[in-house]
Structures are given as C-alpha cells and as structure tokens.
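Chain and residue survey
Single-letter residue listing:
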Amino acid sequence: MKVFIDPDGDIEEIKEAFRLINPELYERLLKIDGSDEFFRYMVKPLRVSVRVNTLKAEVDEVVENLKELITGRVPWCEEGFYLSIDEFSRIPEHQLGLIFSQEAASMIPPLVMELEPKMTVLDIAASPGAKTTQIAQYLQNEGCIVANDVKHSRINILISNLQRCGVLIAKVTVKDGRYFGRFRNRFDAVLVDAPCSNMGMIRKNYRNIRLWKMRDCYGLSKLQKSLLMAAYKAVKPGGVVVYSTCTLEPIENEEVVDYILRNTDAEIEEVNLPVKGVEPFTKFDGKEYSEEVRKCLRLHPQSSDTEGFFVAKLRKP
Ligand SMILES: C[S@@+](CC[C@H](N)C(=O)[O-])C[C@H]1O[C@@H](n2cnc3c(N)ncnc32)[C@H](O)[C@@H]1O
C-alpha cells in the first residue's frame, strides 16, 4: 500500500494520518515532540544533498560545473551542497565519483571524528559506504579504514561505492560488529553508525511510518549497546568513538550513550558544528539518563531541516 500524505495539508490531517497508519508510532512521537512543526517536518520531502568527493575533485570545480543545480551549501560541511534535482544518479559527476548523494545530517559523524591522514579507522556498520567514503577523504587516502558490515547482501554496494569514489585504503570485512571488541586499543577512531528503527527517515520514505514497531526498538537498543561497547574497547586511549543513528527513539539514543557512560570510563564531548538541535532527553518514559547526555546532538527534522538524527562523540581517556 502506497502511503500518501499532503505535507502542505492541514496539520490535524497530517497527525490523523500518522494515528491511522500506526497508532503506536503516533503515541510515541507525541511523547518525543508533539509540536505541530515537528509533525509537519516529519512529512516534508527531504532536500536533496550531495558531498563533493575531494579524493577526486576540487570543491570549487564541482560547484562551478553544477552551479545551475546548486541551491545552497550545507552550513556544517564544507563539501556539502543542496541540489534542485531528485534524480542525480544519471549526472556524470555522480557516475565518476566526484559527488556522493548523502543526507546533510549524515555528513556530521565523520566531521566530528577528528580524522587525519595515516590514521587507522574502524567503520563498524559501513554499508552502503556514505560515511566510509567521507572518512577516506578526510584521511586523504592515507592510512587504513576497516569497513565492516554484517550483511553479505549489502557488501557489493559498499565495494562499488568505494571503487567509484577512488578509495584505496579500505579493507572490507563481513562480520558482526561485536567481533571487533577483541581488538583492544587498536584503532585511532571508530564510527558506530548503528542499525536503527529509522524513525528519522520517515521524510525520506513514508513507508517507514507503517514499518516502525516499538518491539523492534528494544532488540535494536540491546544490539546498539553491544556495538558501541565493542567500538569503545577497540579504540585507542585518547581516540574518539562516534555513535550515530537516524532515529529519534530515546532507547536507541540517549539510553545507549548512558549505558556506555555508566559501564566504562568514556567521556562525552559536545559536537562543535554550526548545526541546531533540540535538547536531548535526560528523563523519558520513567527512565533517567546521565546529565552528560545533554552534550549529544539530537536533530528533530524541523531543527535544521534534515532527517531525524542523533550523534554522540565519546573519547577514551
Ligand atoms: C545505518 S546503516 C549504515 C549506513 C552507513 N554507515 C553509511 O553511511 O552509508 C546500518 C548498517 O548496519 C549493518 N548492521 C546491522 N547489524 C550489524 C551488526 N551486528 N554488525 C555490523 N553491522 C550491522 C546493516 O547491515 C546496515 O548496513
């Protein structure tokens, strides 16, 4: 069944559509952010954005060539631009690997990993490789990225994106990310762009309204805690672990970060970028989380006109 919601329609009709399609999700969203603006942005089509792949092209050169299509810059990412088209996969810059289609919020995690050439980096849940290719450009193709994903079915797309973008330093592995916990203090930086319930992706595909189930979030939260714990073990002292999701569900976000803060010596740092978020939850649904989680970045779709997103920057002392 194809879901149709008019994003410019009456706000009560938009809310009613959520309630009819998935009452459980509707009730949860009311607790997370019941504002009219939130519901309107939850269904507003996402702006198309791309990142220039500086492994293959200069930003200025691509901007000049695409100037008719560019509608603005992503304020927090020098290489990020908004485009006025929906179907860019046929434009030569894409096929040549000069640009990568990437939602503006999803450009944030690699930006806060403090990446430098020659580093050894673990991307624990990497496919299809948007962030792996971004990490490679900040490493200037010097060093090593272990790009891992558990799903065989998603490995080909990861490899083809790495090839298209000219990434020469990635070693692709197919493991459950929890496996990497055995490599203690090995990596300079680790990214956990975790599998999640995709609540923040409703703007991208309304199908996510129907698919979301609270039941799934409990299992995902458990997996996310174990992946983040493995990542934390694997990072070197002084190194950064970034945790990100495209969901707004607190048990997949603040609760996961709170778990690491309570069970390790991890320190949390603020995400220092020109992007506006909302206050993270320190209390939700009868649970209390560390005050430190206030340093996380929680993006509701209306905060910076992005998908719903969450980022935490952790450091091992
Ligand atoms: C949000 S997506 C990653 C997107 C990717 N980082 C990017 O920027 O293109 C989450 C990924 O986690 C993978 N995944 C799920 N369970 C996993 C596990 N236990 N270990 C490693 N990867 C897992 C999924 O196959 C999926 O590709």
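Being a predicted model, the structure only gives us computed values, none of them experimental.

Further remarks concern the domain arrangement of the protein. The domain architecture assigned to the protein consists of domain 1 (47-101) and domain 2 (105-315). Here domain 1 and domain 2 have C-alpha centroids that lie 23 Å from each other. The interface is formed by 21 residues belonging to domain 1 together with 25 residues belonging to domain 2. A combined buried area of about 1,700 Å² lies between domain 1 and domain 2, and 59% of that area is made up of carbon and sulfur atoms. Three residues stand out in domain 1 for area buried against domain 2, namely Leu55, Trp76 and Phe100, and they jointly supply 47% of the buried area on that side. Taking the shortest distance from any N to any O, the salt bridge between Arg47 and Asp305 comes out at 3.4 Å. Across the domain 1-domain 2 interface, the total number found is 11 residue pairs in polar contact (both at pLDDT 80 or more). For the side of domain 1 that touches domain 2, the secondary-structure elements that each account for two or more residues are strand S1 (48-52), helix H5 (92-95) and strand S4 (99-101).

Surrounding the ligand, one finds 21 residues, the nearest of these being Lys131, Asp149, Arg154, Gly177 and Asp193. One of the side-chain N or O atoms of Arg154 is found 2.7 Å from an oxygen atom in the ligand. Within the contact set of the ligand, a nitrogen atom lies 2.8 Å away from a backbone nitrogen or oxygen of Gly177. A total of 600 Å² of accessible area belongs to the ligand in isolation, and the protein chains cover 89% of it. Elements with a minimum of two residues in the shell around the ligand: helix H7 (130-138) and helix H10 (214-234). The class makeup of the residues in the shell around the ligand is 10 nonpolar, four polar and seven charged.

Moving on, we come to unusual backbone geometry. Glycine aside, the phi torsion of most residues is negative, and most peptide linkages are trans. In this structure, the amide linkage connecting Ser127 to the following residue, Pro128, adopts the cis form with an omega of 5°. By the secondary structure assignment, Pro128 is in the loop between strand S5 (120-123) and H7. Positive phi, close to 55°, is recorded for Asn185, a residue that is not glycine. Considering the arrangement of structural elements, one finds Asn185 in the loop between strand S7 (170-173) and strand S8 (187-193).

Further remarks concern the side chain of Ser304. You can see Ser304 is positioned in helix H12 (residues 301-304). What makes Ser304 buried here is its relative accessible area of 14%. Among the polar contacts made by the side chain of Ser304, one reaches the main-chain carbonyl oxygen of Lys276 at a distance of 2.8 Å. In contact with Ser304, not counting residues within four places along its chain, are Arg47, Trp76, Val275, Lys276 and Leu299.

The rules behind these values
Residues numbered from 1 in each chain as written. Predicted model: local features only at pLDDT ≥ 70, side-chain atom pairs only at ≥ 80, totals over all residues. Heavy atoms only, no water. Domains from an automatic or database assignment. Contact = heavy atoms within 4.5 Å. Buried area = accessible area lost by both parts, 1.4 Å probe. Salt bridge = Lys/Arg side-chain N within 4 Å of Asp/Glu carboxyl O. Polar contact = N/O pair within 3.5 Å; in protein donor to acceptor, adjacent residues only side chain to side chain. Helix = DSSP H or I, 4+ residues; strand = E, 2+ residues; numbered from the N terminus. Near = heavy atom within 4 Å. Areas by Shrake-Rupley, 256 points an atom, 1.4 Å probe, with all protein chains shown as cover. Nonpolar A, V, L, I, M, F, W, Y, C, P; charged D, E, K, R; others polar. Buried < 20%, exposed > 50% of the residue type's maximum accessible area, 1.4 Å probe, protein only.

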